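Residue-level listing of the chains:
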Amino acid sequence: MSKLPSVYRDVTQQDIISFYNDNGIKASCTLCHHNEFDIPLMNKSTALDLFHAAAGAHVLPSQEYVRPFVLHDDVLGDDLATYPLTCKRCGNVRLLNAENVLDWKELKAKQVQEGDHE
């Protein structure tokens, strides 16, 4: 299991699309200008999901989350969590800083919460 805090593994593909849309960003490849990307996903199953599946019970597919990619700096010892997006045309990989997406999600959650209290 990753040493990366679980909050980095709670971002969906729709979160990334909404992040770009809310910030007025039109994602396109820096090399070929294509605008379709593959985003690596992972399933998050709970122990209870696995137990039910082993018992033969019908289990709904778990939510798919974007798989974070960690860049490690051996000089400073810092890790940078990112979400990779691979251009479907040329294969160029762009990395989206996970902190930016998490800050945006936190802000959106606060806006929703404040809207509920009005």
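Structure: above.
Report on the accompanying structure. On a predicted model such as this, the values are computed, not experimentally measured, just so you know.

1. Remarks on the overall build of the protein chain
At step 1: On a plain count of helices and strands, the protein chain comes out with three helices and six strands.
At step 2: Looking at the 118 residues of the protein chain, the share that counts as buried comes to 25%.
At step 3: By sequence separation, contacts in the protein chain at least 24 residues apart represent 59% of the contacts at least 6 residues apart.
At step 4: Surface accessibility of the protein chain: about 8400 Å² in total, with carbon and sulfur atoms responsible for 53%.

2. A word on the environment of Cys87
At step 1: The topology assignment puts Cys87 in strand 5 (residues 79-87).
At step 2: Overall, Cys87 belongs to the buried group, its relative accessible area being 3%.
At step 3: Considered as a pair, Cys87 and Ser28 are 59 residues apart in the sequence and their alpha carbons are 8.2 Å apart.
At step 4: For Cys87, the contacting residues outside a window of four places in its chain are Cys29, Cys32, His34, Glu36, Phe37 and Asn92.

3. Quick look at the packing of aromatic side chains
At step 1: Under the counting rule described, the total for this entry stands at two aromatic pairs.
At step 2: Pairing Phe19 with Trp104 gives two aromatic rings, centres 5.9 Å apart and planes at 85 degrees, and the pair type is edge-to-face. Of this pair, Phe19 sits in helix 1 (residues 13-22) while Trp104 sits in helix 3 (residues 98-116); the two residues are 85 residues apart in sequence, bridging distant segments of the chain.
At step 3: An aromatic cluster of at least three residues, connected via ring pairs, comprises Phe19, Tyr20 and Trp104.

4. Here we look at a nonpolar patch on the surface
At step 1: A contiguous nonpolar patch, built from Phe69, Leu71, Leu80, Val93 and Leu95 and spanning about 390 Å² of accessible area, is present on the exposed surface.
At step 2: Where the nonpolar patch is concerned, the elements lending two or more residues are strand 4 (69-72) and strand 6 (93-97).
At step 3: With respect to the element layout, Phe69 can be found in strand 4.

5. Focus on the state of the cysteines
At step 1: One pass over the full model with this rule turns up zero disulfides.
At step 2: With no disulfide of its own, Cys29 lies 3.6 Å from the sulfur of Cys90, the closest cysteine sulfur.
At step 3: The class of Cys29 is buried, set by a relative accessible area of 2%.
At step 4: Cys87 forms no disulfide, and the closest cysteine sulfur to it belongs to Cys32, at a distance of 3.6 Å.

6. Quick look at the pairing of strand 5
Side chains on a regular strand alternate between the two faces of the sheet.
At step 1: As judged from the two bridges shared by strand 1 (residues 37-38) and strand 5, these two strands associate in the antiparallel manner. When the sheet's bridge partners are listed, Phe37 is paired in strand 5 with Cys87.
At step 2: Relative to strand 5, strand 4 runs antiparallel, the two sharing four bridges. Within strand 5, the residue paired with His72 across the bridge is Asp79.
At step 3: Turn length for the strand 4-strand 5 hairpin, with the two strands adjacent in sequence and antiparallel, is six residues, and the turn residue Gly77 shows positive phi of about 80 degrees.
At step 4: In this antiparallel pair of consecutive strands, strand 5 and strand 6, the connection spans five residues, and Gly91 shows a positive phi of 85 degrees.

Analysis parameters
Counting restarts for each chain: residues are numbered from 1 in the order of the written sequence. Local features in this predicted model are restricted to residues of pLDDT 70 or higher, and side-chain atom pairs are both shown and tallied only at a pLDDT of 80 or more, whereas totals for entire chains, interfaces and linings draw on every residue. Remark: hydrogens and water are excluded; side-chain values derive from all non-hydrogen atoms of the structure. The helix and strand labels rest on DSSP assignments: H or I over at least four residues marks a helix, E over at least two residues marks a strand, and numbering proceeds from the N terminus. Burial classification: accessible surface area is computed with a 1.4 Å probe over protein chains only, and a residue below 20% of its type maximum counts as buried, one above 50% as exposed, and the rest as partly exposed. The criterion used for residue contact is that any of the two residues' heavy atoms lie within 4.5 Å. Accessible surface is estimated by sampling points in the Shrake-Rupley manner with a 1.4 Å probe; for residues, cover comes only from the protein chains shown. Working definition: rings of Phe, Tyr and Trp (its six-membered ring) pair if their centres are within 6.5 Å, and the pair is stacked with planes under 30 degrees apart, edge-to-face with planes over 60 apart, and tilted otherwise. The residues that make up patches have over 30% relative accessible area and no salt bridge, and they are joined within 9 Å when like-charged or within 5 Å when they are Val, Leu, Ile, Met, Phe, Trp or Tyr. Any Lys or Arg side-chain nitrogen found within 4 Å of a carboxyl oxygen on Asp or Glu counts as a salt bridge. In this description, the term disulfide denotes a pair of cysteine sulfurs within 2.5 Å. We treat two strands as partners when DSSP finds at least two bridges between them.

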